[in-house]
Amino acid sequence: MFSYNPPQDLVEELGAANTHFSRVPTDVGEFVDILNLMKTVTDSQEATNLRFVFIQEIYGLMQDAQIKVPEGDKITVERLSQIRQQLKTTLMLTEASLQSNIDRFGKELELQIPALIEQVETVATALKHEMITNAAVDKEVVLDYLLDQNSALNKLEATARLYQHYQETLGVEVSHYDRLRETRLDFNVKIDLWRALKAWDEFTDLWTKTPFVSIDVDQVSQELAAYSKTYGRAKRQLDNAPAVELLRGLIAEFANTLPMVSDLRNPHLLDRHWAEINKLLGMQIQSDPEFCLGTLIAANSMQHSHAVSVISIKARQEAVLQEQLSKVVRKWDALVFPLLPYKNQKDMFILGNLDDILITLDESLVTLSSVLGSHYVEPLRKEATEMNHQLLQFQVR
């Protein structure tokens, strides 16, 4: 008769709650479930009452209108009234024993917390195993060991959160597991250290085999910075432990190659610069498509890092001087001499006001004087000298 069968739905809902409240809790978890259900039932009590009244009113209207109600619906509505009353009685009994159960299970929980703290200390001690700081131990062995401790930590953290939830629900003081938090931080530093040591081979293998022209110095630097942060955290916690020193040495050795890589990737290197570099290193870098960072390292080329840096700096400075010369040329290419008609004669002109041109001339001579005075002017000296000579001729008036 009821399209959505609201009486049966409410019977099942209240019946389930009544069954739950009728059980005697045997541990703190079961009691906390009862407390949470009590809150849910209490919060929804007004809505539940409205549903019950609605059903009663519909049933009454059907009786008043002498509409035949199916026997099954009658039984359900009667059952609903009984269940509702039973739930009220059960709730009263539960509330009556509430404080005694809170005291009982609060004490029970207090007895469980020391066991948790003891297990935390067991993990903390395990994290002090000597192999964790030993650089000679196989990385996989250490990582497997650390991951076992992580599994234990995960369980302890889950238990700690559960106990805190219990305490909040019981309304008692919530415990703070500082030792557990410290142990997690200790673990994080050590797992990061050994993951870095394991990943290092892949990191260096990738970049030492990447064609030189494809090396992204910025990306390499960013990844290296991440390794350096890991080392910094491990250094603060483990001081000069062999495993920490191993990572430091690996980072330092690889970091020493980056300045040279950056110098060799200098876009301002011209053929004359490459000729110097190739002679210095004893290899033809530009003409070898397979040339990579590993080639440099294998040839012990890092010993020439300073000399390569000098050549690279020279190339950059020469590029700056070249741009200054080009800027002077562009200025003069854009200049137009002002012409004025001469005594109204057709096709005869004289120069007009030359102030702007003379200002440009003075500025250009200053620029050329600066270029010629540079320590890096030698490859451009002929061009700069000729340009300066031409402008000085123009200055004579």
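Details of the structure are given in the entry above.
Computed from a prediction, not measured in an experiment: that's the story for all the values here.

(A) Structural view of the overall build of the protein chain. Across its full length, the protein chain carries 15 helices and two strands. Taking 21 Å as the expected radius of gyration for a compact globule of 397 residues, we find that the protein chain reaches 43 Å, considerably beyond that expectation. Seen along its three principal axes, the alpha-carbon backbone of the protein chain occupies a region of about 125 × 75 × 40 Å. Buried residues in the protein chain amount to 36% of all 397 residues.

(B) Expanded view of the pattern of salt bridges. If you walk through the whole model with that rule in mind, you get 15 salt bridges. For R51, the salt bridge identified is with E13, shortest N-O distance 3.1 Å. Of the two residues, R51 is situated in helix α3 (residues 45-64) and E13 in helix α1 (residues 6-22); the sequence distance between them amounts to 38 residues. Judged by its relative accessible area of 33%, R51 falls in the partly exposed class. Exposure remark for E13: the relative accessible area of 38% places this residue in the partly exposed category. The network of salt bridges with shared partners includes E121, R179 and E182.

(C) Just helix α9 (residues 242-255), in detail. Here α9 contains 14 residues, and its C-alpha end-to-end distance of 20 Å stays within 8% of the 20 Å for a straight helix at 1.5 Å per residue. Burial in α9 covers these residues: A243, V244, L247, I251 and F254. The buried residues of α9 all sit within an arc of 105° when viewed along its axis, so they share a single face. Structurally, α9 contributes buried residues whose contacts are with α7 (178-209), α8 (217-238), α10 (258-264) and α12 (293-298).

(D) Geometry of the side chain of T230. You can see T230 is positioned in helix α8. Under the relative-accessibility criterion, T230 is labelled buried at 11%. Apart from residues no more than four positions distant in its own chain, T230 is found in contact with D192, L193, A196 and L247.

(E) Main features of the nonpolar core. Among the nonpolar cores identified, the biggest contains 68 residues, and L193, W194, F254 and L264 are the most heavily contacted of them. Element by element, the count of residues in this core is highest for α7, at 11 residues. The next biggest cluster of nonpolar side chains, apart from the first, holds 18 residues, and it includes F21, F52, I83 and L87.

(F) Region of the structure containing the packing of aromatic side chains. Scanning the entire structure with this criterion turns up seven aromatic pairs. Aromatic side chains F203 and Y227 sit 5.1 Å apart centroid to centroid with 45° between the ring planes, which places their arrangement in the tilted category. Of this pair, F203 sits in helix α7 while Y227 sits in helix α8, and the two are 24 residues apart along the sequence. On the basis of relative accessible area, Y227 is assigned to the buried category, the value being 12%. A centroid spacing of 5.2 Å and a plane angle of 55° characterise the contact between F203 and F254, whose relative ring orientation is tilted. Taken together, the positions of F203 in helix α7 and F254 in helix α9 put the pair 51 residues apart, joining distant regions of the chain.

(G) Spotlight on helix α4 (residues 71-96). Taking 1.5 Å per residue as the helical rise, α4 with its 26 residues ought to reach 38 Å, and the 38 Å between its terminal C-alpha atoms agrees with that figure. Within α4, burial applies to D73, T76, V77, L80, I83, R84, L87, T90, L91 and T94. Those residues of α4 hidden inside the fold are in contact with α1, α2 (28-43), α3 and α5 (98-126).

(H) A look at a nonpolar patch on the surface. A cluster of nonpolar side chains, F337, L339, F349, L351 and F394, forms an exposed patch at the surface whose accessible area comes to about 480 Å². With respect to the helices, strands and loops of the structure, F394 is situated in helix α15 (residues 381-395). For F394, a relative accessible area of 32% translates into the label partly exposed.

(I) Up close: the environment of S221. In this fold, S221 is placed in helix α8. S221 gets classed as partly exposed once you look at its relative accessible area, which sits at 32%. Taking C-alpha positions, S221 is 7.8 Å from L258, a pair spaced 37 residues apart along the chain.

(J) Geometry of unusual backbone geometry. In this structure, D239 takes a positive phi of about 55° despite not being glycine. Note on placement: D239 falls in the loop between α8 and α9. In the Ramachandran plot, N300 falls in the positive-phi region, its phi being about 55° despite a non-glycine side chain. Relative to the assigned elements, N300 resides in the loop between α12 and α13 (305-334). Residue classification places N300 among the partly exposed positions, given a relative accessible area of 47%.

(K) Region of the structure containing the side chain of D263. Checked against the element boundaries, D263 lands in helix α10. When neighbours within four sequence positions are excluded, D263 is seen to be in contact with L269, V308, S309, S312 and R316.

(L) Geometry of the environment of L87. Note on placement: L87 falls in helix α4. Sequence-wise, L87 and N18 are 69 residues apart; in three dimensions their C-alpha atoms are separated by 5.1 Å. Residues in contact with L87, not counting those within four places in the same chain, are L14, A17, N18 and F21.

(M) Representation of the packing of helix α6 (residues 139-170) against α7 in the model. One way to put it is that α6 packs onto α7 with a least axis distance of 10 Å and a crossing angle of 150°. With respect to each other, α6 and α7 are oriented roughly antiparallel. When the axes of α6 and α7 are compared, the crossing they make is left-handed. Across the interface between the two elements, K139, E140, V142, L143, L146, L147, N150, L153, N154, L156, E157 and A160 of α6 pack against L180, T183, R184, F187, K190, I191, W194, R195, L197, K198 and D201 of α7. Of the residues belonging to the contact of α6 with α7, the class tally is 12 nonpolar, three polar and eight charged.

About the cut-offs
Residues numbered from 1 in each chain as written. Predicted model: local features only at pLDDT ≥ 70, side-chain atom pairs only at ≥ 80, totals over all residues. Heavy atoms only, no water. Helix = DSSP H or I, 4+ residues; strand = E, 2+ residues; numbered from the N terminus. Rg over C-alpha atoms; globule rule 2.2 N^0.38 Å. Buried < 20%, exposed > 50% of the residue type's maximum accessible area, 1.4 Å probe, protein only. Salt bridge = Lys/Arg side-chain N within 4 Å of Asp/Glu carboxyl O. Expected span 1.5 Å × (residues − 1). Arc of directions from axis to C-beta. Contact = heavy atoms within 4.5 Å. Core = buried A, V, L, I, M, F, W, Y, C linked by side-chain atoms within 4.5 Å. Phe/Tyr/Trp six-rings, centres within 6.5 Å; stacked < 30°, edge-to-face > 60°. Patch = residues over 30% accessible without salt bridge, like charges linked within 9 Å, V, L, I, M, F, W, Y side chains within 5 Å. Areas by Shrake-Rupley, 256 points an atom, 1.4 Å probe, with all protein chains shown as cover. Axes fitted to C-alpha atoms, helices over the stretch in contact; angles between N-to-C directions. Parallel < 35°, antiparallel > 145°, perpendicular 65-115°, else oblique. Left-handed = near helix turned anticlockwise from the far one by under 90°. Nonpolar A, V, L, I, M, F, W, Y, C, P; charged D, E, K, R; others polar.

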